[in-house]
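Okay, here's what each chain looks like letter by letter:
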There are 2 protein chains.
Amino acid sequence: MNKHLLDQFLTDLKPSGLSLMKGEHLFLQGDQVEYFCFLKTGKIKLIRHTVEGGQALIHVALAGETFAEASLFSNAFHCSAIAVSASEIMRYKKSDLLSYLEQKPAAMKGLLRMFAQQVRDLRTVNEIKNIRSAKERIVTFVSNEMNEDNELCLSMPLKDVAYKIGMTHETFYRELKKLEQAGVLQRGDGYLKLL
Amino acid sequence: MNKHLLDQFLTDLKPSGLSLMKGEHLFLQGDQVEYFCFLKTGKIKLIRHTVEGGQALIHVALAGETFAEASLFSNAFHCSAIAVSASEIMRYKKSDLLSYLEQKPAAMKGLLRMFAQQVRDLRTVNEIKNIRSAKERIVTFVSNEMNEDNELCLSMPLKDVAYKIGMTHETFYRELKKLEQAGVLQRGDGYLKLL
DNA sequence: CGAGTCGTTGAACGGAATCAATCGTCGTGG
DNA sequence: CCACGACGATTGATTCCGTTCAACGACTCG
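Quick caveat, the model's predicted, so the values are computed rather than measured.

A.B. asks: Whenever I open this one, the sheet that holds strand β6 (residues 151-153) of chain A confuses me. Can you help?
C.D. replies: Strand pairing in a sheet relies on backbone hydrogen bonds. The paired strands run either parallel or antiparallel. Residues and elements named next belong to chain A. In space, the three strands of this open sheet follow the order β6-β8-β7, with antiparallel pairing throughout. Since the sheet does not close on itself, it has two edges, and those belong to β6 and β7 (185-188), each with one partner. The sheet shows a mean angle of 15° between the axes of neighbouring strands, taken without regard to direction. Of the pairings in the sheet, the one linking β7 to strand β8 (residues 191-194) comprises four bridges and is antiparallel in character.

As structure tokens, then:
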């Protein structure tokens, strides 16, 4: 989430904090939407219950993400949110946020920009997932996410990175090692560096 | 794209049409952003040129999509847009669109809603791509996209659907056939139906 | 009529998933 | 404080399924 924007919302809207233990739910499908949420730490899965009684995984929100954005524009949630691990959430009252945005075009524009960025990032990851070769997939991903120093700072465990780019963590570790041995990549504590 | 919103933009902003032949570019990386574009028909690929001289595929925009949304908030394009097949584009002058949005919060809210929906859809597809089994992937995708009658109307060739869910068209055809033979799915002209 | 593309099918291969086991670390509660 | 559980990280062996390459028919469009 755009830090600047978040800060502004913080001071203007006074969000409330909330902690969840693993397994607890933040909201359930069908619940009225009262808050717009931002995940500070932890991991939350969004699942949709199908008519047949099954479940479909919609998304796994990781630390630093907003989620269920579409809920801003609907009365009830279309999916359930369950903590995969202990999580801290920051939430803005939906009605407050909406009226605030209405009054302040600059803020709305900021949110629009954030969503646009979100769309772009998702498209990129989406395309990365179409790369069949695990090695190429990793290199492309790191190339996209790294900063000017060719470094990618990790805000989540490697396991989650693997999931994000659509491969099993086993394969991910193996390929990382190969890349490191080949001298293409360097691993450090909390970062990956492309050489 | 939200049809209602598009219609409103249409009447209020008088977009200009544009046709591209296969291989022609709409804009190149580094170009100034003058228009916000909507793809009516055809297919457009967005590629980013890397420092090493290589190319990275960012996204393949299909009929009915907007693309390069983030360009609304930057001065220059960060990627190039090239027509994969003959395409028709509708474009709105960026400055017009921005000032229009500024003046009309309702329109901006509409766009925000559209982006939010976009994010949700992308997340769903993203998660679908994490399903390893081709069969399950197809069934899940159709389940998500179909209407109340369990029908999915196709706005694009099957080949593109296959690409969208991250599998080769060969596998897609094969699995479709299996599903049809198993009586799970029905194929018709321009639609898929789940039984 | 020929070029181009979608749709379809076949055969063979390879690489990633899968299952399984181990180690280290961190936090927690008795 | 230590034992325990939970989880991330790591490595090995095996299997399988989707990719790849290839070829062909149908259809549209210029």
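A.B. asks: Quick question: what am I supposed to make of unusual backbone geometry here?
C.D. replies: All names here are of chain B. Backbone geometry places Lys14, a non-glycine residue, at a positive phi of 45°. Mapped onto the elements, Lys14 comes out in the loop between α1 (3-13) and β1 (16-20). Accessibility expressed as a relative area gives 68% for Lys14, which makes it exposed. The backbone of Ala68 sits at a positive phi, close to 55°, despite the residue not being glycine. Examined against the element boundaries, Ala68 turns out to sit in the loop between β4 (55-62) and β5 (80-93).

A.B. asks: It is not clear to me how the domain arrangement of chain A should be interpreted in this structure. Could you clarify?
C.D. replies: Where interface size is quoted, it is often the accessible area lost as the parts come together. All names here are of chain A. The domain boundaries assigned to chain A delineate domain 1 (3-126) and domain 2 (132-194). Averaged C-alpha coordinates put domain 1 and domain 2 at centres separated by 27 Å. For the pair domain 1 and domain 2, the two sides together bury roughly 510 Å², of which 65% comes from carbon and sulfur. Inspection of the region where domain 1 meets domain 2 yields one salt bridge. Two residues, Asp160 and Lys43, come together in a salt bridge whose shortest N-O distance is 2.8 Å. One can count one residue pair in polar contact (both at pLDDT 80 or more) joining domain 1 with domain 2. Put simply, the parts of the chain that give the side of domain 1 that touches domain 2 at least two residues each are β4 (55-62) and α3 (105-128).

A.B. asks: Sorry if this is basic, but what is going on with the packing of aromatic side chains here?
C.D. replies: The geometry of an aromatic ring pair comes down to the distance between the two centres and the angle between the two planes. Residue and element names in this part refer to chain A. In this structure the tally under the stated criterion is two aromatic pairs over all chains. Ring plane angle 5° and centroid distance 3.6 Å describe the contact between Phe27 and Phe77, whose orientation is recorded as stacked. Of this pair, Phe27 sits in strand β2 (residues 25-27) while Phe77 sits in the loop between β4 and β5 (80-93), and the two are 50 residues apart along the sequence. Exposure class is identical for Phe27 and Phe77. Each is buried.

A.B. asks: Please explain the environment of Glu127 of chain B as it appears in this structure.
C.D. replies: Turning to its location among the elements, Glu127 of chain B is positioned in helix α3 (residues 105-128). The class for Glu127 of chain B is buried, based on a relative accessible area of 7%. With 10 residues separating them along the chain, Glu127 of chain B and Arg137 of chain B place their C-alpha atoms 9.6 Å apart. Glu127 of chain B has contacts with Leu57, Ile58, His59, Val60 and Tyr163 of chain A, leaving out every residue within four places of it along the chain.

A.B. asks: I tried to follow the side chain of Thr124 of chain A on my own but got confused; where do I start?
C.D. replies: With respect to the element layout, Thr124 of chain A can be found in helix α3. For Thr124 of chain A, the contacting residues outside a window of four places in its chain are Asn144 of chain A together with Ile58 of chain B.

A.B. asks: Please explain the relation of the copies chain A and chain B as it appears in this structure.
C.D. replies: Here the two chain copies are tied together by a rotation about an axis and a shift along that axis. By a simple turn and slide, chain A fits onto chain B: the slide is 0.0 Å along the axis, the RMSD is 0.0 Å, and the turn is 180°. Here the copies are linked by what is in effect a two-fold axis. By residue overlap, the copies meet face to face through one surface: 100% of the interface positions of chain A are interface positions in chain B.

A.B. asks: Would you mind showing me how to read the interface of chain A and chain B here?
C.D. replies: On the side of chain B, 41 residues touch chain A, which itself brings 41 residues to the contact. Roughly 4,100 Å² of surface becomes buried between chain A and chain B when both sides are summed, with 56% attributable to carbon and sulfur atoms. In terms of surface lost to chain B, no three residues of chain A exceed Phe73, Leu112 and Arg123 of chain A, which account for 19% of the buried area on that side. In this assembly, chain A and chain B are joined by four salt bridges. Residues Glu69 of chain B and Arg123 of chain A are paired through a salt bridge, measuring 3.0 Å at the closest nitrogen-oxygen approach. Applying the counting criterion to the chain A and chain B interface returns 22 residue pairs in polar contact (both at pLDDT 80 or more). Those elements giving two or more residues to the side of chain A that touches chain B turn out to be β4, α2 (94-103) and α3 of chain A. Here the side of chain A that touches chain B takes 17 residues from α3 of chain A, the largest share from any one element.

A.B. asks: Which parts of the structure should I look at to understand the protein's contact with DNA strand D?
C.D. replies: With respect to spatial proximity, 21 residues lie near DNA strand D, and among them Lys22, Lys159, Tyr173 and Lys177 of chain A together with Thr171 of chain B are the closest. For DNA strand D, the backbone makes up 63% of the atoms found within 4 Å of the protein, where backbone means sugar plus phosphate. With respect to DNA strand D, the side chain of Lys159 of chain A contributes an N or O atom lying 2.7 Å from a phosphate oxygen. Contact between DNA strand D and Arg174 of chain A: a base nitrogen at 2.9 Å from a side-chain N or O atom of the residue.

Scoring rules and cut-offs
- Along every chain, residues carry numbers that run from 1 in the direction the sequence is written.
- As they are written, the chains are lettered A onward and the ligands numbered 1 onward, keeping that order.
- At least 70 in pLDDT is required for a residue's local features to be given in this predicted model, at least 80 for side-chain atom pairs to be given and counted, and no such filter applies to totals for whole chains, interfaces and linings, which use all residues.
- To get the side-chain values, all heavy atoms of the structure are used, and hydrogens and water are removed first.
- Any two strands are treated as partners once DSSP identifies two or more bridges connecting them.
- Labels follow the DSSP assignment, with helices taken as runs of H or I lasting at least four residues and strands as runs of E lasting at least two, numbered in each case from the N terminus.
- Lines fitted to C-alpha atoms define the axes here, with helix axes fitted over just the stretch in contact, and angles between the N-to-C directions of these axes take values from 0 to 180 degrees.
- Each residue is placed in one exposure class: buried if its accessible area under a 1.4 Å probe, protein chains only, is under 20% of its type's maximum, exposed if it is over 50%, and partly exposed if it falls in between.
- Each domain's extent was defined by an automatic or database domain assignment.
- Each of two parts loses accessible area, computed with a 1.4 Å probe, when they are put together; buried area is these two losses added.
- Each salt bridge in this description consists of a side-chain nitrogen of Lys or Arg and a carboxyl oxygen of Asp or Glu lying within 4 Å of one another.
- We call two N or O atoms a polar contact when they sit within 3.5 Å, provided that within protein one can donate a hydrogen and the other can accept it, with sequence-adjacent residues counted only if both atoms are side-chain atoms.
- Note on aromatic pairs: the rings of Phe, Tyr and Trp (six-membered ring only in Trp) are paired at centre separations within 6.5 Å, and the planes decide the class, stacked below 30 degrees, edge-to-face beyond 60, tilted for the rest.
- By definition, residues are in contact when any of their heavy atoms lie within 4.5 Å.
- Superposing copies: least-squares fit, C-alpha atoms only, residues required to have pLDDT of at least 70 in both.
- Being near a molecule or strand, for a residue, comes down to having at least one heavy atom within 4 Å of it.

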